[in-house]
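Coordinates in review
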Amino acid sequence: MNFKNEFSWSKSRDEVFNECKRKYYFNHYGFWGGWDPASPDNIRELYVLKNLSSRHIWIGQVVHATIKYCLIQLKSGNGINLGHLIFRLKKRLKEDFDCSESGVYKKLPKKCGLVEHEYGHLISKDEWDELFKMAEKCIMNFYNSDILKEIKNTDASKWLFLEDFLSFNFECTKIYLSIDFAIKNGDDKIVLYDWKTGKERDVEMDVHLACYALYVLQKWNLDPDKIIIKKYNVALDKEDEFNVTNQTVEDIKNYMRKSIEEMKNALVDKDNNIAKEDDFPVTSDVKKCLRCNFRKVCNLV
């Protein structure tokens, strides 16, 4: 079956586009078809590299998956204890790490593959251990948080999302997003939750959070003041709350509109979403190159 590479927009796609145009080309065009083991070697390699994660992003993904498991169990009426969550977390971390270290991902790109293993970064055992302990701390913080108490005290029938892969149309462009969690509270407001695992606390409303709000507004035809956004940093055990306004909505629409236009203007054929590598220059910021999945195909190993 032949798949067509349709143009779409997401906050992560926007971030890659702004980071490096060549990386954007590899990540959204150059890899196409590489999931087929019989694809040309250069395309297959791009597909493998596209699926790599940095160790910090990987830790965040595993923490998110563990939180999702916890909430699914609660919604099903099953009891859940911290010890079991930590056990699952450690098991997943070990399995992923072993898979990456052994290079399994090179033949099975959807398996865990870490940039650090692909490029032979010298990460000490102490550094890895510290990262794993941080992941455990994230789960402990979430388990003991006021956020989880708030969710438990809300009837499960009012739970709306569990990291569903969502999409909506914005001015003829498909927008993809994944909301960590949402509930409808007693005031008939929709509360959107976003889990963060970074070491720094960002107290601003991110573009992707505003995008979440836009999705909810369209889906339920709500007024902006009916949405509350809560960003919870599970690493720092810090919560920030944001209200959505008409200005929030207009700002995110303008941001998306501009981003989509810039992406499409870089295409050689907008109607068929066709891109040419030479039209996507490499960034001049070498620091970005040194942490890029695709550095070896740019001769920057």
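The structure contained in this document is the topic of the report that follows. (Residues numbered from 1 in each chain as written. Predicted model: local features only at pLDDT ≥ 70, side-chain atom pairs only at ≥ 80, totals over all residues. Heavy atoms only, no water.)

**Some thoughts on the overall build of the protein chain**
The test is simple: Helix numbering and strand numbering both begin at the N terminus, where a helix is a DSSP run of H or I of at least 4 residues and a strand a DSSP run of E of at least 2. Between the two quantities, the radius of gyration covers C-alpha atoms and the globule rule is 2.2 Å times the number of residues to the power 0.38. Only protein chains enter the area calculation, which uses a 1.4 Å probe; residues under 20% of their type maximum are buried, those over 50% are exposed, and those in between are partly exposed. In what follows, residue pairs with any heavy atoms lying within 4.5 Å of each other are defined as contacts.
Summing up its helical and strand segments, the protein chain has eleven helices and eight strands in all. The C-alpha atoms of the protein chain give 20 Å as radius of gyration, which agrees with the globular expectation for 301 residues (19 Å, within 12%). Residues counted as buried form 48% of the 301 residues belonging to the protein chain. Once local pairs closer than 6 in sequence are excluded, the contacts in the protein chain between residues at least 24 apart make up 66%.

**Remarks on empty space enclosed by the protein**
We apply this condition: Lining residues are those with an atom within 4 Å of a point, where the points come from a 1 Å grid over the protein atoms alone and group into cavities, where a 1.4 Å probe fits but cannot get out, or pockets, open sets with protein on both sides within 12 Å along at least five of seven lines. Grid points are joined across faces, edges and corners, and a volume is the space filled by probe spheres set on the points. Residue classes follow a fixed rule: Ala, Val, Leu, Ile, Met, Phe, Trp, Tyr, Cys and Pro count as nonpolar, while Asp, Glu, Lys and Arg count as charged, and any other residue, Gly among them, counts as polar.
In this structure the tally under the stated criterion is one cavity of 30 Å³ or more. Approximately 90 Å³ is the volume attributed to the largest cavity. Around the largest cavity, the lining is made up of 14 residues, and of these Cys-20, Lys-23, Cys-289, Cys-292 and Cys-298 lie nearest the centre. The dominant element in the lining of the largest cavity, judged by the number of residues it contributes, is helix H2 (residues 21-30), at three residues. Along the lines of polarity and charge, the residues of the lining of the largest cavity split into eight nonpolar, one polar and five charged.

**With respect to the sheet that holds strand S4 (residues 173-178)**
Heads up, the condition is: Only when DSSP finds a minimum of two bridges between them are two strands counted as paired.
Read from one edge of the open sheet, three strands run S1-S4-S3, paired in mixed fashion. The open sheet has two edge strands with one neighbour each: strand S1 (8-9) and strand S3 (165-170).

**So, the packing of helix H4 (residues 55-75) against helix H5 (residues 82-102)**
What counts, and what does not: Angles run from 0 to 180 degrees between N-to-C directions of axes, and those axes are lines fitted to C-alpha atoms, restricted for helices to the stretch in contact. Note on convention: the crossing is left-handed when the near helix lies turned anticlockwise from the far helix by less than a right angle, right-handed when the turn is clockwise.
Their axes nearest at 10 Å, the elements H4 and H5 cross at an angle of 145°. Note on packing geometry: the crossing formed by H4 with H5 is right-handed. When H4 is examined against H5, the residues Trp-58, Ile-59, Val-62, Ala-65, Thr-66, Tyr-69 and Cys-70 are found in contact with a partner set consisting of His-84, Leu-85, Arg-88, Leu-89, Arg-92, Leu-93, Asp-96 and Phe-97. Here the contact of H4 with H5 is composed, by residue class, of ten nonpolar, two polar and three charged.

**Some remarks on the sheet that holds strand S8 (residues 238-243)**
Read from one edge to the other, the open sheet built from five strands follows the order S2-S5-S6-S7-S8, with strand pairing classed as mixed. Bordering the open sheet on either side are strand S2 (159-162) and S8, each of which pairs with just one other strand. When strand polarity is set aside, the average angle formed by the axes of neighbouring strands in this sheet is 15°. Two strands pair when backbone bridges link them, and strand S5 (residues 181-184) and strand S6 (residues 190-196) are joined in this way by four bridges, in the antiparallel orientation.

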